[in-house]
Amino acid sequence: MFIPIAKPNLSGNELKYVTECINTGWISSNGKFVTEFEEKFAHFCNTKYATSTTSGTSALHLALLALDIKEGDEVIVPNMTFATTANVVKYCNAKEVLVEVNKDTFNIDTNKIEEKITSKTKAIIVVHLYGFICDMEKIMSLAKKHNLYVIEDAAESFGSVYDKKKAGSLGHIGCFSFFGNKTLTTGEGGMCTTNDKNIYEKIKIFKNHGMTHGKGYWHDIVGYNYRMTNLQAAVGLAQMEKADEIIRKRDQIANWYKRELKDTNGIKFQQKQENEEPSYWMICILLDKDFKLSVEELANYLKENDVDSRRGFIPLNEMPPYFSKEEFLVSRDLYNRQLILPTYFDLKEEEVIKICNLIKNATK
Ligand SMILES: *Cc1c(COP(=O)(O)O)cnc(C)c1O
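Along each chain, numbering runs from 1 in the same order as the chain's sequence is written. Note on the predicted model: pLDDT of at least 70 is required for a residue's local features to be given, and 80 or more for side-chain atom pairs to be given and counted; whole-chain, interface and lining totals, by contrast, use all residues. Excluding hydrogens and water, the side-chain values take into account all heavy atoms of the structure.

Bringing the site of the ligand into the picture now. Nearness is defined per residue: one heavy atom within 4 Å of the molecule or strand is enough. Around the ligand lies a shell formed by S55, G56, T57, T81, F82, T84, V127, D153, A155, E156, S177 and K182. The separation between a nitrogen atom of the ligand and a polar side-chain atom of D153 is 2.7 Å. At 3.2 Å from an oxygen atom of the ligand is found a side-chain nitrogen or oxygen belonging to K182. Reported accessibility uses the Shrake-Rupley method at a 1.4 Å probe radius. Residues are deemed covered only where the shown protein chains occlude them. Contact with the protein chains covers 91% of the free accessible surface of the ligand, which is 390 Å². Of the residues assigned to the shell around the ligand, the class counts are three nonpolar, six polar and three charged. Within 3.5 Å is the distance limit for a polar contact, defined as a pair of N or O atoms, with the added protein rule that one can donate a hydrogen and the other accept it, and that residues adjacent in sequence qualify only through two side-chain atoms. Each residue is assigned to one of three groups, with Ala, Val, Leu, Ile, Met, Phe, Trp, Tyr, Cys and Pro labelled nonpolar, Asp, Glu, Lys and Arg labelled charged, and all others, Gly among them, labelled polar.

Next up, the structure:
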């Protein structure tokens, strides 16, 4: 029996709600599930507004559009993230400015942000990697000092809590992804959260072809079609109904991994901050010198034994579109040593024990 790295759980009201869309004909972006999903989502994140999108990528793009990021502007991005965080900056013809990450939290190194701020810097996109929140206290005070916007790429951190606040409510705009392997899924989909009415209204116009509500087919701006369908929202609403259960289960899985691997030489876990309760997207282990195999050798060994795993994100500065001569030694070192292990709702305790026993046996 092969254990995949991720698998959606669609055992709640997903089928019932999707069937309702089909039966009633409300399959496009108008429909009650869109509004209900957005309302529930805003309530969950404790933000005033939430508006759905077609993907995490379109949510991030909309955030930059709403902040009027354009040619000549600079946006700070961590060097270790899924590439879309930097791609959206390029969509706006602005320049992504890469910042090194912290070796323990894997998140943007707050001590290295200020040296990258110039007169052109307009915003910081922080990424809460694998569900672990960035040092938002420091980041928000830096942003205030330099008059910058903060966008949270919360694609991997639905339900994470920092300072008693949810991911997506900590910066000026929060952006979520509901891709099939994310904590909450709609197949493809995304969401923008904010407390700023003006930003919220702008995002809604940009995602709806640039049409202002109540002005017919009048276009003040060039917009996009980034609207979520009622079909996707039907799945999203059903997922929201079991959000707490999903988050609890992932926490339990993380605890099983930590319990089983705690005495294994050469294995460390991502480190959280004191005022933080991560909602685990993917469990990531870090191999050090005491572990006898390389990440690739361990991954191959797991695969031979029917267990999937995944390397971390390749440092952005090493790939052609974002290439930079600057040295990012921490991201490179983390990439060499990170391995992501299966994490999903239906994963059983005995399967986690099996995976951990394989890891322990791999070096024997
Ligand atoms: C998944 C993800 C996104 C968004 O991905 P989409 O496939 O566009 O929904 C953005 N940032 C990070 C860090 C992600 O992991």
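Here we take up the packing of helix α2 (residues 32-45) against helix α7 (residues 230-241). Here, axes are lines fitted to C-alpha atoms. For helices the fit covers the stretch in contact, and angles between N-to-C directions go from 0 to 180 degrees. Numbering of helices and strands runs from the N terminus; a helix is a DSSP stretch of H or I covering at least four residues, while a strand is a stretch of E covering at least two. Where α2 contacts α7, the axes come no closer than 8 Å and their chain directions differ by 40°. The pairing of α2 with α7 is recorded here as oblique in orientation. Here the hand of the crossing between α2 and α7 comes out left-handed. Here K32, F33, V34, E36, F37, K40, F41 and F44 of α2 lie close against α7, whose contacting residues are N230, A233, A234, G236, L237 and M240. Among the residues making up the contact of α2 with α7, the classes are represented as nine nonpolar, two polar and three charged. What sets the label is the angle itself: under 35 degrees gives roughly parallel, over 145 gives roughly antiparallel, 65 to 115 gives roughly perpendicular, and the rest give oblique. We call a crossing left-handed when the near helix sits turned anticlockwise from the far one by less than a right angle, and right-handed when that turn is clockwise. We call two residues contacting when some pair of their heavy atoms lies within 4.5 Å.

Before going further, it helps to spend a moment on unusual backbone geometry. Phi angles above zero are rare outside glycine, and N93 is one such case at about 60°. Along the chain, N93 falls in the loop between α4 (84-91) and β3 (95-99). In this structure, D163 takes a positive phi of about 55° despite not being glycine. Tracing the chain through its elements places D163 in the loop between β6 (161-162) and β7 (165-166). Judged by relative accessible area, which is 38%, D163 ranks as partly exposed. Exposure is judged per residue with a 1.4 Å probe applied to protein chains only, and the accessible area is read against the type maximum: over 50% gives exposed, under 20% gives buried, and values in between give partly exposed.

Okay, the pattern of salt bridges next. The term salt bridge refers to a side-chain nitrogen of Lys or Arg lying within 4 Å of a carboxyl oxygen of Asp or Glu. One pass over the structure, following the stated rule, counts 19 salt bridges. Residue K116 pairs with E326 through a salt bridge whose shortest N-O separation is 3.1 Å. Of this pair, K116 sits in the loop between β3 and β4 (121-127) while E326 sits in the loop between β13 (310-311) and α10 (329-337), placing them 210 residues apart in sequence. Two residues, E277 and K272, come together in a salt bridge whose shortest N-O distance is 3.6 Å. Take E277: its relative accessible area is 47%, and that puts it in the partly exposed class. What makes K272 partly exposed here is its relative accessible area of 41%. Because the salt bridges share partners, they merge into one network encompassing R259, E260 and E349.

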